[in-house]
Amino acid sequence: MTLTTPPLATPPLATPPVAAKIPASTTHHGITVTDDYAWLRDPGYPEVTDKAVLDHLKAENAWFEQRMAGQQGRIDALFTEMRARIKEADTSVPQKDGDYLYWIEFEEGAEYKKWWRRPVAGGADELILDEVALAQGHEYFRLGALSVSANGKLLAYAIDDNGSERFTARIKDLASGELLPDEIPGTLSSLVWVAGDTGLVYSLANEQWRTDNARLHWLGQPLASDVELYHEDDEGFRVGSSLSANEQWLIIGSSDHETSEVRLVPAADPLAAPLLVKPRQTGVEYDVDLRGDTLFVHTNDTHENFRLATAPLADPGNWTTLIEGSDAFYLTGFDLFRDFYVIEGRLAGLDQIEVRYYDDPARIEPIVFPEASYSAGLGDNPEWAVDILRLSYESMVSPASVQDYDVAARTLTTLKVQEIPSGYDAALYVTERLEIPARDGTLIPVSVVMRRDRTGAGPLHLYGYGAYGISIEPGFSTTRLSLVDRGFAYAIAHIRGGDDLGRAWYKAGKLERRTNTFSDFVDVAKGLIARGLTQAGKISISGGSAGGELMGAVINSDPGLWGAVAAHVPFVDVLATMLDATLPLTPGEWPEWGNPILDQAAFELIRSYSPYDQLRAQDYPPLLVTAGLNDPRVTYWEPAKWVARLRELKTDSNELLFKTNMGAGHGGKSGRFESLKETAEEFAFILWQLGVEG
């Protein structure tokens, strides 16, 4: 008999990992900044091969697994209930586009979608793209652009199978199901059919992960013969392409966070000389569409909340106001159709949709929605000549619905309501929109949902973002119910830095007024306490990316308020990142944060709030931090360095857990159930730290 020794289990760690301290420093404007953890940035990034770096990340992952092991039963229970709220075998509402009806479908148990179509004239269903098959064998999968040619014969699509956000584009013959030999690696853009479906316009990501180009690929020709239609020389600008609503024009746009410029090229002749609509002017943003020989321009040149103007195609820079800018109404966008156009915007922070008419500017038909707080917008409306508009609608208590709006009859028809298989009774919940004063007197909107039978100052989860002019809509979430059904109130703080209340709201949280975002969030928390909804220490908070920066700032300023914190891919090393022009996003981010390389005032301001730079010896709340090894937006070393320095400085014994997804990027794990597991981990951590049963 031969005896074999079983493999030894990994011994448990007695203490959390301690990162080595290797002194490094940089000097700017005569000020020296030291950083003992700069070594955690692999010099070969985006390839991460440094053994010391990988060993440290793996040790942190092992500590995370060890500390969360006792919560596995709760994680499993949360995941099970979250998954039970998802209709696993689900189909979208078909939408007509040309000769076909298109829809997507999830099969029972599938992580990814299948894309289908059926001829309008009748015929068999056709599977045009199978994400399940494409994702097979990959730890990560994401479908990027997808575009069917105008004649319906070809499908262009792009996939990312490692989270790096560098997509490979392929073209499929929909009749035979075969892939054409054409393959375009390294794309980061839409895929636009031109020249009678013989050409495809795309953008490549350069070495710094910036799309500084628009390129034309002729089907069947080698990539070496692709033509660069436009190249952007400003390293802070990004290039993107699309078709006009009538599909007659290729629109090539270039922009950063505050300035834009647009060129037009006939879609039938993409090598024609581009027509510049109007030269860029710092601080002026505009986007365009066309109907006949009339250009429609959405711009903030005369009012920060944007106006809609028109111009003759022969003189595209001569803009005449069609809809004036307004302090009250924030005009967020417009869509042209053959017989009418639609504008979207927000009034007092709530979504508005209006149908308007080319031949009668005074005829304005708003679409009215039933609730006092909601999220609504145009859905997929691919055709030029329509009399029915596809809309989306939801609120914090109303599951997402797909609706059709009959433009002539002015009536809404609900086609589909999000189904929750495990059951959902909206009558059990209540939502309200509060206004809580910030320390400077500004009223901050807060959307709250809770069970009707909730009483007293119980646990509360507060979410925030507050950057880039991105609004956080008061929409529906099935995962959120796992907190709300355990007695939590769930609140969204519509803080400055987002554009929830218009462009001025965004500007009031950027550059030299960036700290308003952080103080707004703290003041909302204190206001919710004052209203009797919760108590200090019973508040869990979460945010990701720039919202992770928010988490880092508020635990520095007010650590005692928070009972648990989840910071996902947090942008916490703001100063070092904004000082490094070689990083993918940095030059394009300077209009948002300031340029500390050239501007000493910007340097000192960013340093004064950058979460990593402002860490100090004090008690910190329990923290769960995540990162993605392949993340090009918030590079993995930002949260890694932050956690290392937190471990060095914090004076408490609270949990500090750090998990790096070794095969994913900015969005965490892909797949509808794999990503759900991460939410279950986050909620389990929150319940554990707040001492909430269940």
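Since the model is a prediction, treat every value here as computed from it, not as a measurement.

J.: Could you clarify how one ought to interpret the overall build of the protein chain in this entry?
T.: From N to C terminus, the protein chain includes 12 helices and 39 strands. Computed over the C-alpha atoms, the radius of gyration of the protein chain is 26 Å, within 12% of the 26 Å expected from 2.2 N^0.38 for a compact globule of 694 residues. Viewed in the frame of its principal axes, the protein chain has a C-alpha envelope of about 70 × 65 × 65 Å. Relative to its 694 residues, the protein chain shows a buried fraction of 55%. By sequence separation, contacts in the protein chain at least 24 residues apart represent 55% of the contacts at least 6 residues apart. Of the roughly 28300 Å² that the protein chain leaves accessible, carbon and sulfur atoms contribute 51%. Considering the protein chain, the positive charge centre built from 61 side chains and the negative charge centre built from 101 side chains are found 4 Å apart.

J.: What exactly am I supposed to notice about the sheet that holds strand β14 (residues 213-218) here?
T.: In any sheet, the strands associate via hydrogen bonds between backbone groups, in a parallel or an antiparallel arrangement. Read from one edge to the other, the open sheet built from 4 strands follows the order β12-β13-β14-β15, with strand pairing classed as antiparallel. This sheet does not close on itself; its edge strands, each paired only once, are β12 (192-194) and β15 (227-231). With direction set aside, neighbouring strand axes in the sheet form an average angle of 25°. Inspection of the sheet shows β14 paired to β15 by 4 bridges, in the antiparallel sense. Paired with Ala 214 across the strands is Tyr 230, a residue of β15.

J.: Help me understand the packing of helix α6 (residues 515-530) against helix α7 (residues 546-557) in this model?
T.: The packing of two helices is summarised by the inter-axis angle and the distance between the axes. The geometry of α6 relative to α7 is characterised by a closest axis approach of 9 Å and an angle of 65° between their N-to-C directions. Taken together, the axes of α6 and α7 lie roughly perpendicular to each other. Between α6 and α7 lies a crossing of right-handed hand. Counted together, Thr 517, Phe 518, Phe 521 and Val 522 of α6 and Glu 549, Leu 550, Met 551, Ala 553, Val 554 and Ser 557 of α7 form the full contact between these two elements. Of the residues that constitute the contact of α6 with α7, the class distribution is 7 nonpolar, 2 polar and 1 charged.

J.: Quick question: what am I supposed to make of the packing of helix α2 (residues 72-84) against helix α12 (residues 674-690) here?
T.: Put simply, α2 and α12 touch, their axes get as near as 8 Å, and they point 125° apart. What the angle tells us is that α2 and α12 run oblique. Regarding α2 and α12, the two cross each other, and that crossing is right-handed. In this structure, α2 uses Arg 74, Ile 75, Leu 78, Phe 79, Met 82 and Arg 83 to contact α12, whose residues at the interface are Leu 676, Lys 677, Thr 679, Ala 680, Glu 681, Phe 683, Ala 684, Leu 687 and Trp 688. Residue composition of the contact of α2 with α12, grouped by class: 10 nonpolar, 1 polar and 4 charged.

J.: Is there a simple way to think about the sheet that holds strand β25 (residues 341-347) in this case?
T.: The strand order across the open sheet formed by 4 strands is β24-β25-β26-β27, and the pairing between neighbours is antiparallel. Taken across any chain shown, the strands that pair with only one partner, and hence form the sheet edges, are β24 (329-336) and β27 (360-366). In this sheet, adjacent strand axes meet at a mean angle of 30° when their direction is disregarded. Bridging between β24 and β25 involves 7 bridges; their strand directions are antiparallel. Within β25, the residue paired with Phe 329 across the bridge is Leu 347.

J.: For this particular structure, what's the right way to read the environment of Ala 158?
T.: Along the chain, Ala 158 falls in strand β9 (residues 154-160). With 13 residues separating them in the primary sequence, Ala 158 and Ile 171 have C-alpha atoms 8.8 Å apart. For Ala 158, the contacting residues outside a window of four places in its chain are Arg 142, Leu 143, Gly 144, Ala 145, Phe 167, Thr 168, Ala 169, Thr 187 and Leu 191.

J.: So what exactly am I meant to see when it comes to the confidence of the model for the protein chain here?
T.: Fine structural detail should not be taken from predicted coordinates in areas where pLDDT scores are low. Taken over all residues, the pLDDT of the protein chain has a mean of 95, while the share at 70 or more is 98%. Scored below 50 in pLDDT, residues 1-9 shows 0 contacts in the model against residues more than four places distant or in partner chains.

J.: Teacher, can you tell me more about the side chain of Glu 232 here?
T.: As for its placement among the helices and strands, Glu 232 is situated in the loop between β15 and β16 (238-243). Taking relative accessible area as the criterion, Glu 232 reaches 4% and is therefore assigned buried. One polar contact links the side chain of Glu 232 to the main-chain amide nitrogen of Asp 234, over a distance of 2.8 Å. In this structure Glu 232 touches Asp 212, Phe 237, Val 239, Ser 254 and Arg 280, once residues within four positions along its chain are discounted.

J.: Would you mind going over unusual backbone geometry with me for this structure?
T.: Most of the time, phi is negative for any residue but glycine, and the peptide bond is trans. With an omega of 20°, the peptide bond running from Tyr 45 to Pro 46 counts as cis. With respect to the helices and strands, Pro 46 occurs in the loop between β2 (31-34) and α1 (51-68). A positive phi angle, near 60°, is found at Ser 545, a position not held by glycine. When you line up the elements, Ser 545 lands in the loop between β36 (539-544) and α7. The phi angle at Val 569 is positive, at roughly 35°, despite the residue not being glycine. Looking at where Val 569 falls in the secondary structure, it is placed in the loop between β37 (562-568) and α8 (574-578).

J.: Explain the side chain of Glu 592 to me, please; I cannot follow it from the model alone.
T.: Positionally, Glu 592 belongs in helix α9 (residues 586-593). Polar side-chain contacts of Glu 592 include one of 2.9 Å to the backbone nitrogen of Tyr 468. Those residues in contact with Glu 592, other than ones at most four positions away along the chain, are His 257, Ala 467, Tyr 468, Tyr 506, Lys 510 and Leu 511.

J.: Honestly, the packing of aromatic side chains in this entry has me stumped. Any pointers?
T.: Any pair of aromatic rings gets described here by the distance separating the centres and the angle formed by the planes. Overall, the coordinates contain 23 aromatic pairs when judged by the stated rule. For the pair Phe 521 and Trp 562, a centre-to-centre distance of 5.8 Å together with 45° between the ring planes defines the contact as tilted. Within this pair, whereas Phe 521 is found in helix α6, its partner Trp 562 is found in strand β37, the two being separated by 41 residues in sequence. According to the relative accessible area criterion, Phe 521 is buried, its value standing at 0%.

About the cut-offs
Residues numbered from 1 in each chain as written. Predicted model: local features only at pLDDT ≥ 70, side-chain atom pairs only at ≥ 80, totals over all residues. Heavy atoms only, no water. Helix = DSSP H or I, 4+ residues; strand = E, 2+ residues; numbered from the N terminus. Rg over C-alpha atoms; globule rule 2.2 N^0.38 Å. Buried < 20%, exposed > 50% of the residue type's maximum accessible area, 1.4 Å probe, protein only. Contact = heavy atoms within 4.5 Å. Areas by Shrake-Rupley, 256 points an atom, 1.4 Å probe, with all protein chains shown as cover. Lys, Arg positive; Asp, Glu negative; His and termini not counted. Charge placed at Lys NZ, Arg CZ, Asp CG, Glu CD. Pairing = 2+ DSSP bridges. Axes fitted to C-alpha atoms, helices over the stretch in contact; angles between N-to-C directions. Parallel < 35°, antiparallel > 145°, perpendicular 65-115°, else oblique. Left-handed = near helix turned anticlockwise from the far one by under 90°. Nonpolar A, V, L, I, M, F, W, Y, C, P; charged D, E, K, R; others polar. pLDDT = per-residue confidence, 0-100. Polar contact = N/O pair within 3.5 Å; in protein donor to acceptor, adjacent residues only side chain to side chain. Phe/Tyr/Trp six-rings, centres within 6.5 Å; stacked < 30°, edge-to-face > 60°.

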